[in-house]
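As a plain string of letters, each chain reads:
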Amino acid sequence: MKIGIDKLGFYAPHLYVDMNDLAKERGIDPGKFTVGLGQDEMAVPPVTQDPVSLAANAAEQILDDEDKEKIDLVIFGTESGVDHSKSAAVYIHQLLGLNPRARSVELKQACYGATAGIQMAKGHIALHPDKKVLVLASDIARYGLNTPGESTQGAGAVAILVSASPRLLDLESESTYYTEDIMDFWRPVYSTTAYVDGKYSNEQYIAFFQKVWKDYQEQTGRSLEDFAAIAFHLPYTKMGWKALRTVIEDAPEEVQERLKNNYQISTKYNRNVGNIYTGSLYLSLISLLENQDELKEGDTIGLYSYGSGAVGEFFSGKLQPDYKKHLQTAEHQAMFANRKCISVAAYEKVFEESLPTDGSEKQLNIDEDPAKICLAGVKDHIRSYAAK
Ligand code: HMG
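Keep in mind it's a predicted model, so treat the numbers as computed, not measured.

**Student:** Help me understand the packing of helix α9 (residues 253-266) against helix α11 (residues 280-291) in this model?
**Tutor:** Helix-helix packing is characterised by the crossing angle of the two axes and by the distance between the axes. Axis separation between α9 and α11 bottoms out at 7 Å; the angle between their running directions is 110°. Compared by their axis directions, α9 and α11 come out roughly perpendicular. On α11, the residues touching Asn-262, Ile-265 and Ser-266 of α9 are Ser-284, Ser-287, Leu-288 and Asn-291. Its residues placed into classes, the contact of α9 with α11 shows 2 nonpolar, 5 polar and no charged.

Rendered as structure tokens:
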């Protein structure tokens, strides 16, 4: 039985900052951001978007009534959850009007959470082939104003529907994964921004890739020649290339060209959004599938997932017949076209806005936010959401 990704939705907030403007304001050569990191724009979430509403907007694009009835497991991968106890999946379940006979949970392991969710979803569908699983990957990446990590912030969500007979990508059973307790990036429960050892995190991202890729080759007997493309977790778009280039040299020239070209295409959306943590790998996959017209049925796509702390995984999938017809390409392009560029001063103001943390009540003005689903406020320590 084939099990894999049946639909993919993506949502980013409607505001962004141009990385050239951010560089100028910080007294940095813009080339460091646009070439050195490979980022052109950075999504900025207004106070009316949190990881729950971002995910609801991504999922709302792809689910029809039959999906809503058949989903009996909701897995929410995030590292910027809104509650230590109640899972974001339960909020989403209600906002989307899903069948109440469902399990709903939140998973955390930095940027790796949604990949764990997808692998668990596969097991669930193997036991219940008539059901569907909704996996959400939603985050707001915050390092703080004027920090070295600031240029790698971002915000957005990907919704992934996992089912039998998937229409996009049949996920193969081979996969290799690796865990080691390291401190490259983390966010203690008392902090709203992440702590990071930037250079060390880059090194570990590459080291984990090399380990799981070596294990995958040994497990499957495959080499780079077997892949049409490889999509990477992209904290910034140069990062995946730094890892890929360490293993590509021995491949034939035409394979190197193909993987390099498809890598560039897989970074198109991420260049204009920034890091969305759990969703970054899947945004890269969406970017590849929606912007590359030469991939065909049966092509093998590799996926490298990395979550600091750290867990890495390499897995793969095969493209399905007519997969192009089942993508949300027009919706995503319209979403990008309708975003609004704001000044660095406006971004800094938005960055400092938040719901009260002292338990007081606040109603938010959602009129300026074009999203269908918004965070509307907090009262009695309870967040409320509004669907327009
Ligand atoms: P930095 O120290 O500001 O930057 O930090 P840099 O000095 O290393 O420069 C970056 C690149 O720009 C370099 O290229 C420079 O040469 C180049 P490289 O040598 O790396 O190829 N450069 C220029 N290029 C063109 N024109 C110029 C110019 N100037 C310099 N004028 C860093 C960069 C990424 C470390 C920082 O932004 C940071 O700490 N970010 C957060 C951590 C991060 O993203 N780590 C990535 C791996 S860990 C991961 O992926 C997990 C994560 O997503 C979290 C999770 O799992 O939840 C982060």
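**Student:** When you look at the site of the ligand in this model, what are you seeing that I'm missing?
**Tutor:** Lining the immediate environment of the ligand, one finds 30 residues, of which Gly-31, Gly-36, Ala-110, Cys-111 and Gly-198 sit closest. Counting residues per element, the ones that place at least two in the shell around the ligand are α2 (30-37), α7 (198-220) and β12 (300-307). Residue composition of the shell around the ligand, by class: 13 nonpolar, 12 polar and 5 charged. Among the domains, domain 1 (3-167 + 327-387) and domain 2 (170-322) are the pair contributing at least three residues each to the shell around the ligand.

**Student:** Even after reading the chapter, I still don't get helix α6 (residues 113-127), so can you show me in this structure?
**Tutor:** Owing to its 3.6 residues per turn, the α-helix aligns residues three or four sequence positions apart on the same side. Taking 1.5 Å per residue, 15 residues should reach 21 Å; α6 reaches 22 Å between its end C-alpha atoms and fits that length. Those residues of α6 that fall on the buried side of the exposure criterion are Gly-113, Ala-114, Thr-115, Ala-116, Gly-117, Ile-118, Ala-121 and Ile-125.

**Student:** What am I meant to see in the environment of Gln-217 here?
**Tutor:** Mapped onto the elements, Gln-217 comes out in helix α7. Judged by local crowding, Gln-217 falls into the partly exposed class, with 16 C-beta atoms found within 10 Å. Spatially, the C-alpha atoms of Gln-217 and Pro-30 are 39 Å apart, while their sequence positions differ by 187 residues. The residues touching Gln-217, leaving out its near neighbours within four places in the chain, are Arg-222 and Ser-223.

**Student:** Any chance you could explain the domain arrangement of the protein chain here in plain terms?
**Tutor:** You'll often see interface size given as the accessible area lost when the parts meet. Each assigned domain of the protein chain is listed here: domain 1 (3-167 + 327-387) and domain 2 (170-322). Each side of the interface is counted separately: domain 1 has 48 residues, and domain 2 has 40 residues. Counting residues per element, the ones that place at least two in the side of domain 1 that touches domain 2 are β1 (3-11), α2, β3 (41-44), α6, β6 (132-141), β7 (154-164) and α12 (329-337). The element best represented in the side of domain 1 that touches domain 2 is β7, accounting for 6 residues. When grouped by side-chain class, the residues that make up the side of domain 1 that touches domain 2 number 23 nonpolar, 18 polar and 7 charged.

**Student:** Just checking my understanding: could you explain the UniProt feature "domain: Hydroxymethylglutaryl-coenzyme A synthase C-terminal" (unreviewed entry) in the protein chain for this structure?
**Tutor:** This chain's UniProt record puts "domain: Hydroxymethylglutaryl-coenzyme A synthase C-terminal" (unreviewed entry) on residues 176-247 and 256-352. Between the end C-alpha atoms of residues 176-247 the distance is 17 Å, and the span holds 47% helix and 17% strand. What you have in residues 256-352 is 46% helix and 20% strand, and the ends, taken at the C-alpha atoms, are 44 Å apart.

**Student:** For this particular structure, what's the right way to read the nonpolar core?
**Tutor:** Side chains of a nonpolar character, in soluble globular proteins, are inclined to be buried together. Formed by 109 residues in total, the largest nonpolar core has its most connected members in Ala-55, Ala-59, Ile-92, Val-135, Val-158 and Ile-160. Taken domain by domain, this core gets at least three of its residues from each of domain 1 (3-167 + 327-387) and domain 2 (170-322).

Conventions we followed
Residue numbers run consecutively from 1 along every chain, following the written order of its sequence. Side-chain atom pairs in this predicted model are given and counted only at pLDDT of 80 or more, local residue features only at pLDDT of at least 70, and totals for whole chains, interfaces and linings cover all residues. Each axis is a line fitted through C-alpha atoms, taken for helices only over the stretch in contact, and angles between the N-to-C directions span 0 to 180 degrees. Working definition: helices are DSSP H or I runs of at least four residues, strands are E runs of at least two. Numbering for both runs from the N terminus. Orientation categories follow fixed angle ranges, with anything under 35 degrees roughly parallel, anything over 145 roughly antiparallel, 65 to 115 roughly perpendicular, and all other angles oblique. Our contact criterion uses C-beta atoms placed from the backbone: two residues qualify when those atoms are within 7 Å. Any residue that is not Ala, Val, Leu, Ile, Met, Phe, Trp, Tyr, Cys, Pro, Asp, Glu, Lys or Arg is counted as polar, Gly included; the first ten are nonpolar and the last four charged. Proximity of a residue to a molecule or strand is defined by its backbone-placed C-beta atom lying within 6 Å of that partner. The source of the domain bounds is an automatic or database domain assignment. What a helix is expected to span follows from its residue count: subtract one and scale by 1.5 Å. Counts of 20 or more other C-beta atoms within 10 Å of a residue's own C-beta define buried residues, counts of 12 or fewer define exposed ones, and intermediate counts define partly exposed ones; C-beta atoms are placed from the backbone. UniProt positions are given in the numbering used here, feature names are shortened, and annotations may be inferred rather than shown by experiment. Nonpolar cores are identified as sets of buried Ala, Val, Leu, Ile, Met, Phe, Trp, Tyr and Cys residues joined via C-beta atoms within 7 Å.

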